[in-house]
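Architecture at a glance
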Amino acid sequence: MQPQPCTLRTFHLLVLVICISASEDFDWTRSERSAFHYGTFPTGFSWGAGSSAYQTEGAWNVDGKGVSIWDSFSHKKGKIHANDTGDTSCDGYYKFKDDVALMKDMKLNHYRFSISWPRILPTGRKSEHINERGIKYYDNLINMLLENKITPIVTLYHWDLPQVLQEKHGGWQNVSMVNYFNDFANLCFERFGNRVKYWITFNNPWSVAVEGYETGEHAPGLRLKGSGAYRTAHHIIKAHAKVWHTYDTQWRSKQKGLVGISLTADWGEPVDVSNQRDIEAAERYIQFYLGWFATPLFSGDYPQVMKDYIGRKSGQQGLGASRLPVFSPQEKSYIKGTCDFLGLGHFTTRYVTMKNYPAGLGDSYFTDRDLAELVDPQWPDPGSEWLYSVPWGFRRLLNFVKSQYGNPMIYVTENGVSEKMLCTDLCDDWRMKYYKDYINEMLKAVKDGVNVKGYTAWSLLDNFEWDEGFSERFGLFYVDFRNKNKPRYPKASVQFYKRLISSNGFPNQREVDIWKRKAVETCSSSNQLLAADPLIGHMEMVTEIVVPTVCTLCILLSAVFLMFLLRGRL
Ligand code: NOJ
């Protein structure tokens with residue numbers, strides 16, 4: 001039977017309405033991936049590099065620091081690649097002066113680092129004990145940065161919860177974390193807020209929720225499928241809002257700083273941009289990733305699609321209520337608008353298509369989304385298994401943020417690429433390419449009108465890459481973890497990034513090509529130094545252990561010999 005003209009008209013209208021409402025937000029069907037764009041960033045654009053406490057500081061049990069969930073987790077056998085731990089890591093706790101010198105040389109405008117909660121509150125609770133030696137360390141670091149005209153951007157929670165709070169209360173499964181975290185944040189505002197003007201409450205809460213409480217790959221290693229991640233996220237969102245309000249009411253007028261959050265998200269591109277089901281699947285991918293946290297903070301509640309999908313699946317499972325917790329009306333208005341800026345971490349992209357997972361068969365965060373992720377085998381994949389280089393996804397994600405959340409102020413808080421453990425080649429041309437292309441997409445996004453104010457390369461140094469231990473290196477600087485002095489060696493990308501910073505973008509093709517050539521030239525001498533490192537390490541062993549031992553033995557032998565000689569004479 002042919003459709004009636006009137007039915008056809010209604011159908012067309014419906015398609016048009018769907019298209020119009022979609023284009024108001026973001027045009028999922030736009031597919032142009034234009035060529036390289038030469039040009040510069042707005043004056044005052046801030047360039048930086050990042051790190052986090054557990055990944056770089058080491059000194060895990062020094063100067064009164066308490067144990068964190070990552071200390072405990074990494075000390076359990078079989079949790080981390082090669083049973084690596086962050087016990088000493090880059091020894092950043094001792095070498096921060098050297099590291100600030102590296103930043104100064106690169107002319108970084110900002111440095112993003114995190115404060116270890118148990119380093120300043122060993123049991124997690126302010127009322128129990130404040131560790132002044134921990135405070136001193138961060139005081140020194142902040143002062144040193146400011147002396148060198150580097151703005152500190154400080155994260156309060158980069159995953160290292162005090163172990164005591166995990167053991168006594170179940171960590172983020174328990175709503176009591178909201179007040180403990182608020183007390184910790186308040187202490188940081190009190191002690192450091194006269195100098196720190198950019199605060200990030202949480203780093204990548206998606207990972208805390210999903211990998212910490214759903215899959216268990218990260219500390220605290222819980223596998224609470226289908227509920228753990230949602231409950232964790234719920235408490236983190238509440239904790240973020242509370243800390244924002246604390247700053248707003250008690251500190252903002254004096255300190256004049258900003259409080260944001262750092263959310264990490266991949267871009268999700270529909271496999272077939274003309275297929276509505278793929279378009280919707282890609283939308284779900286982003287909403288379950290970024291929207292899960294961003295929508296409450298900008299609009300007061302979870303994305304409708306999450307409420308619909310998780311609610312329906314929970315019903316099909318025979319549960320009386322949705323596994324996705326609910327915010328009360330008061331909570332919604334308390335949470336809405338608690339983001340002075342959005343920190344955005346981004347590394348890679350996926351193609352997304354619809355895939356139905358019937359409820360009741362191992363329900364989880366992943367099956368709740370009803371989608372499948374795909375990758376293009378042609379995408380470069382130099383390091384971490386999950387990290388494909390897809391620069392155009394970055395521009396799309398940035399535009400998505402602009403259209404969904406009212407063009408907020410954005411600081412890119414993480415972007416970068418890794419290489420595998422065995423790669424001791426400091427001439428990292430694939431990293432230069434990654435940075436060049438991703439930063440160029442960010443430049444295009446700025447031209448699109450996205451309000452990006454700064455960019456943070458991840459990471460300053462090679463460091464402890466969570467469950468992958470030291471096997472994946474994201475650093476601009478190579479760290480020789482075999483050497484107890486943990487020397488840093490610049491990779492070629494240091495030179496490249498340095499030139500990009502001093503030009504505030506990409507002036508013209510000729511110049512940008514020269515940067516790459518020059519960077520490769522200088523890195524070959526660093527390569528030679530690194531190659532000589534085992535030899536130097538060996539020589540250090542000779543001077544530090546062998547020489548003193550031989551000397552002591554000689555002295556002892558001479559003493560004995562002298563005694564015998566004297567006895568013979570008497
Ligand atoms: C995001 C995390 O915040 C950071 O700690 C990690 O090193 C990077 N992703 C790379 O995996």
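The structure under discussion appears in the preceding block.
Overview of the structure. (Residues numbered from 1 in each chain as written. Predicted model: local features only at pLDDT ≥ 70, side-chain atom pairs only at ≥ 80, totals over all residues. Heavy atoms only, no water.)

On to the pattern of salt bridges. Should the charged atoms of two oppositely charged side chains come close, the side chains can pair. Counted under the stated rule, the structure contains 30 salt bridges. Among the ionic pairs, Arg-133 bridges to Asp-63, the shortest N-O distance being 4.0 Å. With Arg-133 in helix 6 (residues 132-147) and Asp-63 in the loop between helix 2 (53-56) and helix 3 (69-75), this residue pair connects regions lying 70 residues apart in the sequence. Linking Asp-370 and Lys-313 is a salt bridge whose minimum nitrogen-to-oxygen distance equals 2.8 Å. Within this pair, whereas Asp-370 is found in the loop between helix 14 (365-368) and strand 10 (371-374), its partner Lys-313 is found in helix 12 (residues 304-316), the two being separated by 57 residues in sequence. We classify Asp-370 as buried; its relative accessible area is 2%. Each of Glu-419, Asp-428, Arg-431, Asp-462, Arg-473 and Lys-491 takes part in a single network of salt bridges with overlapping partners. (Salt bridge = Lys/Arg side-chain N within 4 Å of Asp/Glu carboxyl O. Helix = DSSP H or I, 4+ residues; strand = E, 2+ residues; numbered from the N terminus. Buried < 20%, exposed > 50% of the residue type's maximum accessible area, 1.4 Å probe, protein only.)

Looking now at a nonpolar patch on the surface. Taken together, Phe-561, Leu-562, Leu-565 and Leu-566 make up a surface patch of nonpolar side chains, about 420 Å² in accessible area. Position of Leu-562 among the secondary structure elements: in helix 19 (residues 533-569). Relative accessible area serves as the criterion here: at 48%, Leu-562 is assigned to the partly exposed category. (Patch = residues over 30% accessible without salt bridge, like charges linked within 9 Å, V, L, I, M, F, W, Y side chains within 5 Å. Areas by Shrake-Rupley, 256 points an atom, 1.4 Å probe, with all protein chains shown as cover.)

Moving on, we come to the site of the ligand. With respect to spatial proximity, the complete set of residues near the ligand consists of Gln-55, His-158, Trp-159, Asn-203, Phe-347, Trp-386, Glu-414, Trp-458, Glu-465, Trp-466 and Phe-474. Within the side chain of Gln-55, one N or O atom sits 2.8 Å away from an oxygen atom of the ligand. In this structure, Trp-466 approaches the ligand through a side-chain N or O atom, which is 2.9 Å from an oxygen atom. Burial of the ligand by the surrounding chains reaches 95%, relative to a free accessible area of 290 Å². Considered class by class, the residues forming the shell around the ligand number six nonpolar, three polar and two charged. (Near = heavy atom within 4 Å. Polar contact = N/O pair within 3.5 Å; in protein donor to acceptor, adjacent residues only side chain to side chain. Nonpolar A, V, L, I, M, F, W, Y, C, P; charged D, E, K, R; others polar.)

Quick look at the environment of Thr-215 now. For Thr-215, the location among the structural elements is in the loop between helix 9 (205-213) and helix 10 (228-255). Leave out the neighbours within four places in its chain, and Thr-215 touches Val-210, Leu-222, Arg-223 and Phe-366. (Contact = heavy atoms within 4.5 Å.)

Turning our attention to the packing of aromatic side chains. Inspection of the entire model under this criterion finds 65 aromatic pairs. Consider the rings of Trp-292 and Phe-293, whose centres lie 4.8 Å apart with planes at 35°: the pair is tilted. Of the two residues, Trp-292 and Phe-293, neither departs from the other in class, the shared state being buried. Chaining the aromatic ring pairs together yields one cluster made of Phe-41, Phe-45, Trp-47, Phe-394, Tyr-434, Tyr-435, Tyr-438, Tyr-455 and Tyr-497. (Phe/Tyr/Trp six-rings, centres within 6.5 Å; stacked < 30°, edge-to-face > 60°.)

Turning to the sheet that holds strand 10, a few remarks are in order. One open sheet holds the three strands; their spatial order is 7-9-10, and the pairing between them is mixed. The open sheet is flanked by strand 7 (267-270) and strand 10, the only strands paired with a single partner. Strand-to-strand, the axes of this sheet are offset by a mean angle of 40°, without reference to chain direction. In this structure, strand 7 lies alongside strand 9 (residues 349-354), joined through four bridges in parallel fashion. Residue pairing across strands places Pro-270 opposite Val-352, the latter belonging to strand 9. Where helix 11 (residues 276-299) meets the sheet, its contacts fall on strand 7, strand 9 and strand 10, and the angle it forms with strand 9 comes to roughly 125°. Sitting on the sheet, helix 15 (residues 392-404) is in contact with strand 7 and strand 9, with an inclination near 100° to strand 7. (Pairing = 2+ DSSP bridges. Axes fitted to C-alpha atoms, helices over the stretch in contact; angles between N-to-C directions.)

On to the nonpolar core, then. Within the largest apolar cluster, 152 residues are counted, with the highest numbers of intra-cluster contacts made by Trp-172, Trp-199, Leu-290, Trp-292 and Met-442. With 12 residues, the top contributor of residues to this core is helix 11. Other than its neighbours up to four places away in sequence, Trp-199 contacts Ile-115, Val-154, Leu-156, Cys-188, Phe-189, Phe-192, Gly-193, Tyr-247, Leu-258, Val-259, Gly-260 and Phe-341. (Core = buried A, V, L, I, M, F, W, Y, C linked by side-chain atoms within 4.5 Å.)

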